[in-house]
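Spelled out, the chains give:
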Amino acid sequence: MASASATTSAPSSPKAVAKAVHIRLLNSDGATYGVGMPIVAYFSSKITDGKAFAAATVVKVNGVVNHGSWYFESSSINRGYPIEAHYRPAPAAGAANQFWPAHAAITMAMQTQGKSAGAGLVFDDSLTLSMATADAHISYVNCATERMTVKSNGVAVRAPMLTSCGAPVTPTANGIKVVQQLGEDAPGSDTLRPSGAVRMVGGGGLLGNYDLIVPWSVRLTNGGEFVHAAAWNGRNIGARSTSDGCTNLNTPDAKWFYKFSRIGDVVIYTNTGGPAMKPYDGFGEWNLPTSSFNNSPTAA
């Protein structure tokens, strides 16, 4: 009987294991924000393709799917999370502005686990979010007239407040900004400093070098633009721009604005004499054209 001939085959190469990419959110589940608050996601690796991420994410406003888009940018906010993505909603037909509607229920279902984040990368978690918006607080600062008008749901709620914007050597940025922070924690604690205070250190402008504890401070940019009380600058408030880039208010106005404000509220600047608000300097993506929101991390 003839023996069967033996056959051999080359050993197969081990299958490459995709690197896991973890997603975390800035937004808190169940929180209420101002109408300018984007949904912000952070990624634990530099993803190279955001299409599957965007396709797997459904955002609804009052139960209706919203066909907004994601803007990707480099990030240094969280250690180990080098890229962040911001979701800007598509405005409702006939809406007066591009922000979320007031008093809206917003949900997000991010079914991303197992989806590709680019060659050799895969998302390892899925997330959900439920948040709401409050009244539409939109303020307008005209640095040419040194006046700040605050509106709630389109109605002015306080007589125009006097301001002093950034001096020509340290100008305030033009454009749409969003409240990021109210006051700050005392060092080494999770308790706010009294009177909405923030320690501010700077120099090089008209003020020279300074290290101050500044009351009633509302942060608008990563770079350090605040709306705050400035009792030391009273003679210039309402008359001329002399600050280090912040918006100086008289103390009673600053206290009122601090207590009125909510994270996600909108402040719009005109006639500052400064550059346009940068998209990465806080929640500056509201200033970008729609074409920048292409659901791809290459937009960073």
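Our subject is the structure that appears above.
Residues numbered from 1 in each chain as written. Predicted model: local features only at pLDDT ≥ 70, side-chain atom pairs only at ≥ 80, totals over all residues. Heavy atoms only, no water.

**What to know about the overall build of the protein**
Here comes step 1: Scanning the protein from N- to C-terminus turns up 2 helices and 23 strands.
Here comes step 2: With respect to the three principal axes, the spread of C-alpha positions in the protein is 110 × 45 × 35 Å.
Here comes step 3: Of all 300 residues assigned to the protein, the portion counted as buried reaches 47%.
Here comes step 4: Accessible surface for the protein amounts to roughly 14,400 Å². Of this, 54% is attributable to carbon and sulfur atoms.
Here comes step 5: Looking at the protein, you have 22 positive and 18 negative side-chain charges, and the mean spots of the two groups are 2 Å apart. (Helix = DSSP H or I, 4+ residues; strand = E, 2+ residues; numbered from the N terminus. Buried < 20%, exposed > 50% of the residue type's maximum accessible area, 1.4 Å probe, protein only. Areas by Shrake-Rupley, 256 points an atom, 1.4 Å probe, with all protein chains shown as cover. Lys, Arg positive; Asp, Glu negative; His and termini not counted. Charge placed at Lys NZ, Arg CZ, Asp CG, Glu CD.)

**Let's talk about the pattern of salt bridges**
Where charged atoms from two side chains of opposite charge approach closely, those side chains can pair.
Here comes step 1: Taken as a whole and judged by the stated rule, the model has 4 salt bridges.
Here comes step 2: Between R158 and D253 there is a salt bridge whose closest N-O contact spans 2.9 Å. Of this pair, R158 sits in strand β15 (residues 155-162) while D253 sits in helix α2 (residues 251-260), and the two are 95 residues apart along the sequence.
Here comes step 3: For R199, the salt bridge is made with D211, and the minimal N-O distance between the two is 2.5 Å. In this pair, R199 is assigned in strand β18 (residues 198-202) and D211 in strand β19 (residues 210-214), connecting sequence segments 12 residues apart.
Here comes step 4: The class for R199 is partly exposed, based on a relative accessible area of 47%.
Here comes step 5: The exposure class of D211 is partly exposed, given its relative accessible area of 44%. (Salt bridge = Lys/Arg side-chain N within 4 Å of Asp/Glu carboxyl O.)

**As for the state of the cysteines**
Working definition: the covalent bond between the sulfur atoms of two cysteines is a disulfide.
Here comes step 1: Applying the stated criterion across every chain, the model contains 1 disulfide.
Here comes step 2: A sulfur-sulfur separation of 2.2 Å characterises the disulfide bridge that pairs C143 with C165. Around the S-S axis, the bridge from C143 to C165 shows a dihedral of about -80° and counts as left-handed. Of this pair, C143 sits in the loop between β13 (137-142) and β14 (147-152) while C165 sits in the loop between β15 and β16 (175-178), placing them 22 residues apart in sequence. Across this residue pair, the class does not change: C143 and C165 are buried. (Disulfide = S-S within 2.5 Å.)

**A look at the sheet that holds strand β3 (residues 32-33)**
Here comes step 1: The mixed open sheet is built from 5 strands, whose spatial order is β3-β12-β9-β5-β6. In the strand order of this sheet, the two ends are held by β3 and β6 (64-66), each with one partner.
Here comes step 2: Where strand β9 (residues 105-110) meets strand β12 (residues 127-133), 6 bridges bridge the pair, whose relative direction is antiparallel. What sits directly across from I106, in β12, is M131. (Pairing = 2+ DSSP bridges.)

**What about the environment of Y269?**
Here comes step 1: When you line up the elements, Y269 lands in strand β23 (residues 266-270).
Here comes step 2: Separated by 35 residues in sequence, Y269 and G234 have C-alpha atoms that sit 21 Å apart.
Here comes step 3: Contact partners of Y269, with chain neighbours within four places excluded, come to V141, C143, T172, A173, N174, G175, K177, L220, V227 and T247.
Here comes step 4: Engagement of the side chain of Y269 in a polar contact is seen with the side chain of T247, the distance being 2.6 Å. (Contact = heavy atoms within 4.5 Å. Polar contact = N/O pair within 3.5 Å; in protein donor to acceptor, adjacent residues only side chain to side chain.)

**As for the nonpolar core**
Here comes step 1: Ranked by internal contacts, the top residues of the largest apolar core, which has 41 residues, are I39, F43, F53, W70, F72, W100 and F123.
Here comes step 2: Residues C165, W216, V218 and V267 belong to the second largest nonpolar core, which totals 19 residues. (Core = buried A, V, L, I, M, F, W, Y, C linked by side-chain atoms within 4.5 Å.)

**Quick look at the sheet that holds strand β7 (residues 69-78)**
The strands making up a sheet associate through backbone hydrogen bonding, with each pair oriented either parallel or antiparallel.
Here comes step 1: With antiparallel pairing, the 4 strands of this open sheet are ordered in space as β2-β4-β8-β7. In the strand order of this sheet, the two ends are held by β2 (23-25) and β7, each with one partner. Neighbouring strand axes in the sheet, compared pairwise and without regard to direction, differ in orientation by 30° on average.
Here comes step 2: In this sheet, strand β8 (residues 81-88) lies alongside β7 in antiparallel orientation, the contact comprising 7 bridges. In the sheet register, S74 faces β8, and the bridge partner there is I83. (Axes fitted to C-alpha atoms, helices over the stretch in contact; angles between N-to-C directions.)

**Things to note about the packing of aromatic side chains**
Here comes step 1: Counted under the stated rule, the structure contains 11 aromatic pairs.
Here comes step 2: On the numbers, 5.9 Å between centres and 45° between planes, the contact of F53 with F123 is tilted. Placement of the pair is F53 in helix α1 (residues 51-55) and F123 in strand β11 (residues 121-123), with a sequence separation of 70 residues. Summarising the burial analysis for this pair, F53 and F123 share the class buried.
Here comes step 3: Grouped by ring-pair contacts, the aromatic residues F43, F53, W70, F72, Y87, W100 and F123 constitute a single cluster.
Here comes step 4: One Lys or Arg, R24, reaches over the ring of Y81 and ends 5.2 Å from the middle of that ring. (Phe/Tyr/Trp six-rings, centres within 6.5 Å; stacked < 30°, edge-to-face > 60°. Lys NZ or Arg CZ within 6 Å of the ring centre and 35° of its normal.)

**Let's talk about the environment of A186**
Here comes step 1: Here A186 lies in the loop between β17 (181-182) and β18.
Here comes step 2: Separated by 12 residues in the primary sequence, A186 and V198 have C-alpha atoms spaced 8.7 Å apart.
Here comes step 3: With sequence-adjacent residues up to four places away left out, A186 is seen in contact with T191, L192 and R193.

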